[in-house]
Amino acid sequence: MNDEFTLYKLVGGDETFQLLVDIFYDRIERDPLLRPMFPTNLEPGKRRQYLFLTQFFGGPARYNEQRGHPRLRLRHSPFPIDEAARSRWLEHMLAAIDETGIDEPMRSVMRNYFDRASAMLVNRAGPAGTEELRQR
């Protein structure tokens, strides 16, 4: 895609990505498995995810300007992410894409990215122990 036809622009730019992040985090807020993995204040994470997603899908490079290289595996390594957590996270993100109303073919591009990226972040073989979560 060139600058005129980035996925970011095709789906509606900042407004669409903000809605996607808001819907996703609303779902996280209510999730008994994932909520304990997130800090009490979700706003900083929402902002970082918004900046990352807009940049990744062809929008302004605000994430890099503010935070440097994304280094997704490194930034997520402190969190106990097993297959159950990954599946639940992906379920919420795919539902948020659908609820946001992103059309094909951009919908499939985004869904495929999140499927691959979430698989890459799994760093535990089994479920995270309660004690491990309490230490976060």
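Residues numbered from 1 in each chain as written. Predicted model: local features only at pLDDT ≥ 70, side-chain atom pairs only at ≥ 80, totals over all residues. Heavy atoms only, no water.

Peer 1: Describe the nonpolar core, with residues and values.
Peer 2: With 34 residues, the main nonpolar core has Phe-17, Leu-20, Leu-53, Phe-57, Ile-97, Met-110 and Phe-114 as its most contacted residues. The element contributing the most residues to this core is helix α2 (residues 14-29), with 7 residues. If near-sequence neighbours (up to four positions away) are discounted, Ile-97 is found in contact with Leu-20, Ile-102, Arg-107, Met-110, Arg-111 and Phe-114. (Core = buried A, V, L, I, M, F, W, Y, C linked by side-chain atoms within 4.5 Å. Buried < 20%, exposed > 50% of the residue type's maximum accessible area, 1.4 Å probe, protein only. Helix = DSSP H or I, 4+ residues; strand = E, 2+ residues; numbered from the N terminus. Contact = heavy atoms within 4.5 Å.)

Peer 1: Please provide a residue-by-residue account of unusual backbone geometry, values included.
Peer 2: Cis geometry marks the peptide bond from Glu-104 to Pro-105; its omega dihedral reads 0°. Checked against the element boundaries, Pro-105 lands in the loop between α6 (83-100) and α7 (106-120).

Peer 1: Lay out the environment of Asp-26 with the relevant residues and their values.
Peer 2: Its place among the elements puts Asp-26 in helix α2. On a C-alpha basis, the gap between Asp-26 and Ala-96 in space is 9.4 Å, while along the polypeptide they are 70 residues apart.

Peer 1: Residue-level account of the side chain of Thr-54, with values.
Peer 2: In this structure, Thr-54 sits in helix α3 (residues 43-56). Within the structure, the side chain of Thr-54 is placed 3.1 Å from the backbone oxygen of Leu-51, a separation counted as a polar contact. Of note is the side chain of Thr-54, whose polar atom sits 3.4 Å from the side chain of Arg-62. Residues in contact with Thr-54, not counting those within four places in the same chain, are Tyr-8, Asp-14, Phe-17, Gly-59 and Arg-62. (Polar contact = N/O pair within 3.5 Å; in protein donor to acceptor, adjacent residues only side chain to side chain.)

Peer 1: Which residues make up the environment of Ser-118, and what values go with them?
Peer 2: By the element assignment, Ser-118 lies in helix α7. Here the alpha-carbon distance between Ser-118 and Leu-90, two residues 28 residues apart in the chain, equals 6.8 Å. There is a polar contact of 2.8 Å between the side chain of Ser-118 and the backbone oxygen of Phe-114.

Peer 1: Please provide a residue-by-residue account of the pattern of salt bridges, values included.
Peer 2: The final tally for this structure, using the stated rule, is 10 salt bridges. As a salt-bridge pair, Asp-115 and Arg-86 come within 2.7 Å of each other at their nearest N and O atoms. In this pair, Asp-115 sits in helix α7 while Arg-86 sits in helix α6, placing the two residues 29 residues apart along the sequence. Accessibility expressed as a relative area gives 12% for Arg-86, which makes it buried. As a salt-bridge pair, Arg-107 and Asp-98 come within 2.8 Å of each other at their nearest N and O atoms. Of the residues examined, Arg-107 reaches a relative accessible area of 24% and is grouped as partly exposed. One salt-bridge network, held together by shared partners, links Asp-98, Glu-104, Arg-107 and Arg-111. (Salt bridge = Lys/Arg side-chain N within 4 Å of Asp/Glu carboxyl O.)

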